[in-house]
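Breakdown of the fold
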Amino acid sequence: MRCLIALFALILAITSTATGYAQAADTPKGLFLMTDYPSQTVRAGEVTTIRMKLNNAGLPPEPVALSVSGAPAGWKIDLLGAGQTVASAMPGVNQDVALQLRVDVPKDAQPGSHKITVSAKGILMQAPDLVLTLTVANEAPAKLSIKSRLPSLRGTPRSTFEYTVTVGNDSGKDLTVALSAQAPANFQTTFTDGFGSNEISSIPVEAGQTKDIKVKVTPPRDVKAGDYPVVVRVAAEGATAEQRLVLQVSGQGRLALSTKDGRLSGEAEVGKPSTFTLVLSNDGTAPIEEVEMSGTVPTSWKVEFNPKTIPSIAPNEKKEVQVTVTPADKAIAGDYVASFRANGRGETASADFRITVTTSTLWGAVGIGIIAVALLVLLGAVARFGRR
């Protein structure tokens, strides 16, 4: 039994070793020049950069000379490594070296295809030539796209509506894209970069790439409830694109507190109630619900409201409230300030009311009488004792 187990283990070991050798034999060795797109379109008067890599598959490292041939007359072609012009590269075992082929096509280049050959030669090994087919194409017109994932937002007149818009450059060249917006009167619109806070009026977009921008729209405070469209436009070199955005503005009340004649002052007598008429108005675009009155008066004073609570104030409606203020019995004559407040659902308003306190006329008459009696007593005393 043990012999069978040992024999089985030996067979497995031999099989695994053979498989490893077979896989190693299947793995290619050598130098290789590679690029993702060996056939590309270039444009007259522009510079195109083609990314390549030199791969060392299982060979000892050695300097590898690089060269380019087949460039048409007037074309300028450079091999770059790490942004610098290079003539050789040295990849490690089973490693790559990134390279770039910078192709500067003259403005007068004629449409057609050209084959450019890139070679890599070492002392021991040589990479198969990499043949690139570069086709000079006619100038294509610029093309833009614009879209928003959430083109419709909802808010109140006090909201700032912020949209994220993606601008795409579907051209074969880099573009500087101008930004503009058409909004209703008195609506403020601004553009910012997708990850910044500075306002912009244009943004560069590389060929075949997209960029996100933010569009902020602020409606006027007195805007009525409704849907308001804003058209965002992008333009570059004759190409344009538009995206329609919508502001869904819901109504919002705006509470104000004053008096009939606008005068926030009155008179009151010590220890006696005085009633004043306050006026609550809703200058907004939606009803204000559950408005409750309150006030702050000097110590020992009393304040009462009638009514204390108003169920609702419709837009452009006014409601009167009677406020009764009773100064303290020991209040000194003079000017005092009372603060009145109205608190509704989501809205507040307040006003400071100056109250001039006077004393009772009865106490004034009593005072005058006391002074008169004192004077008579004094005069009598002078007359009586003056003869002596």
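Residues numbered from 1 in each chain as written. Predicted model: local features only at pLDDT ≥ 70, side-chain atom pairs only at ≥ 80, totals over all residues. Heavy atoms only, no water.

Points about the overall build of the protein
We apply this condition: Helix and strand labels come from DSSP, where a helix needs a run of H or I of at least four residues and a strand needs a run of E of at least two; each type is numbered from the N terminus. Buried residues are those whose accessible area, probed at 1.4 Å on protein chains only, stays under 20% of the maximum for their type, while exposed residues exceed 50% and partly exposed ones sit between those limits. In what follows, a contact means two residues having at least one pair of non-hydrogen atoms within 4.5 Å. In this description, accessible areas are obtained by the Shrake-Rupley approach with a 1.4 Å probe, and a residue is regarded as covered only by the protein chains that are shown.
Assigned secondary structure in the protein consists of 2 helices and 28 strands. Burial analysis of the protein (388 residues in total) assigns 35% to the buried set. Long-range contacts, defined as pairs at least 24 residues apart, comprise 69% of the intrachain contacts of the protein with a sequence gap of at least 6. Here the protein has roughly 23400 Å² of accessible surface; of this, 54% comes from carbon and sulfur atoms.

Description of the pattern of salt bridges
As a reminder of what qualifies: In what follows, salt bridge is the name for a side-chain nitrogen of Lys or Arg lying within 4 Å of a carboxyl oxygen of Asp or Glu.
All told, the structure shown has 14 salt bridges when counted by the stated rule. We note a salt bridge from Arg-354 to Asp-335, for which the minimum N-O separation is 3.6 Å. With Arg-354 in strand β28 (residues 347–358) and Asp-335 in strand β27 (residues 334–344), the pair connects residues that are 19 residues apart, well separated along the chain. One salt-bridge network, in which partners are shared between bridges, spans Lys-76, Asp-78 and Arg-102.

What about the nonpolar core?
Across soluble globular proteins, nonpolar side chains have a tendency to be buried as a group. Let me state the cut-off plainly: By nonpolar core we mean a set of buried residues, namely Ala, Val, Leu, Ile, Met, Phe, Trp, Tyr and Cys, connected to one another through side-chain atoms within 4.5 Å.
Leu-144, Val-177, Val-215, Val-217, Val-234 and Leu-247 are the most contacted members of the largest nonpolar core, which totals 28 residues. Of all the secondary structure elements, the ones that give two or more residues to this core are β11 (144–148), β13 (161–169), β14 (175–182), β16 (202–205), β17 (210–218), β18 (226–236) and β19 (239–249). If near-sequence neighbours (up to four positions away) are discounted, Val-215 is found in contact with Phe-161, Glu-162, Tyr-163, Val-165, Thr-190, Phe-191, Val-232 and Leu-245. Counting residues in hydrophobic clusters, the runner-up holds 27 residues, among them Phe-276, Ile-288, Phe-305 and Val-323.

Side note on the sheet that holds strand β23 (residues 288–296)
Backbone-to-backbone hydrogen bonds join strands into a sheet, with any given pair of strands oriented parallel or antiparallel. Here is the rule: At least two bridges found by DSSP between two strands is the condition for calling them paired. Note on geometry: axes are C-alpha line fits, over the in-contact stretch for helices, and angles between N-to-C directions span 0 to 180 degrees.
Taken in spatial order, the 5 strands make up an open sheet running β21-β28-β27-β23-β25, and their pairing is mixed. With one partner strand each, in any of the chains shown, β21 (265–269) and β25 (309–313) form the two edges of the open sheet. Neighbour-to-neighbour, the strand axes of this sheet turn through a mean angle of 30°, independent of strand direction. Bridging between β23 and β27 involves 5 bridges; their strand directions are antiparallel. Pairing of Met-293 across the sheet is with Ala-342, part of β27.

Re the environment of Val-232
Within the secondary structure layout, Val-232 lies in strand β18. Through-space distance from the C-alpha of Val-232 to that of Val-165 is 9.1 Å; in sequence the pair is 67 residues apart.

Here's the deal with the sheet that holds strand β7 (residues 88–89)
Here we have 5 strands laid out as an open sheet, ordered β2-β10-β9-β4-β7, and mixed in their pairing. Two strands close off the open sheet at either side, each with one partner strand: β2 (39–43) and β7. Here 5 bridges tie strand β4 (residues 64–69) to strand β9 (residues 112–121), and the two strands are oriented antiparallel to one another. When the sheet's bridge partners are listed, Ser-69 is paired in β9 with Thr-117.

Considerations on the layout of surface pockets
For clarity, the cut-off: Method remark: on a 1 Å grid restricted to protein atoms, a set of points is classed as a cavity if a 1.4 Å probe fits but cannot get out and as a pocket if it is open with protein on both sides within 12 Å along at least five of seven lines; lining residues have an atom within 4 Å of a point. Grid points are joined across faces, edges and corners, and a volume is the space filled by probe spheres set on the points. Just so you know the grouping, Ala, Val, Leu, Ile, Met, Phe, Trp, Tyr, Cys and Pro go in nonpolar, Asp, Glu, Lys and Arg go in charged, and all remaining residues, Gly too, go in polar. Residue ranges labeled as domains rest on an automatic or database domain assignment.
Approximately 480 Å³ is the volume found for the largest pocket. Val-47, Gly-172, Lys-173, Asp-174 and Ala-207 are, among the 14 residues lining the largest pocket, the residues nearest its centre. Contributing elements (two or more residues each) for the lining of the largest pocket: β2 and β3 (47–57). Here the residues of the lining of the largest pocket sort into 3 nonpolar, 6 polar and 5 charged. Mapped onto the domain boundaries, the lining of the largest pocket takes at least three residues apiece from domain 1 (33–137) and domain 2 (144–249).

Considerations on the confidence of the model for the protein
The line we're drawing: Think of pLDDT as the predictor's per-residue confidence, scored from 0 to 100.
Chain-level pLDDT for the protein is 88 on average; 87% of the residues reach the 70-or-more range. Low pLDDT (under 50) marks residues 16–24, which in the prediction has 0 contacts with non-local residues, meaning those over four places away or in another chain.

Brief notes about the packing of aromatic side chains
Worth spelling out the cut-off: Pairing of aromatic side chains here covers Phe, Tyr and the six-membered ring of Trp, requires ring centres within 6.5 Å, and sorts the geometry by plane angle: under 30 degrees stacked, over 60 edge-to-face, intermediate tilted.
All told, the structure shown has 5 aromatic pairs when counted by the stated rule. Their ring planes at 50° and their centres at 4.9 Å tell us that Phe-276 and Phe-353 sit as a pair that is tilted. With Phe-276 in strand β22 (residues 274–282) and Phe-353 in strand β28, this residue pair connects regions lying 77 residues apart in the sequence. By relative accessible area, Phe-353 is classed as buried at 2%. Ring-pair connections join several aromatic residues into one group, and the members of that group are Phe-276, Phe-305, Phe-340 and Phe-353.

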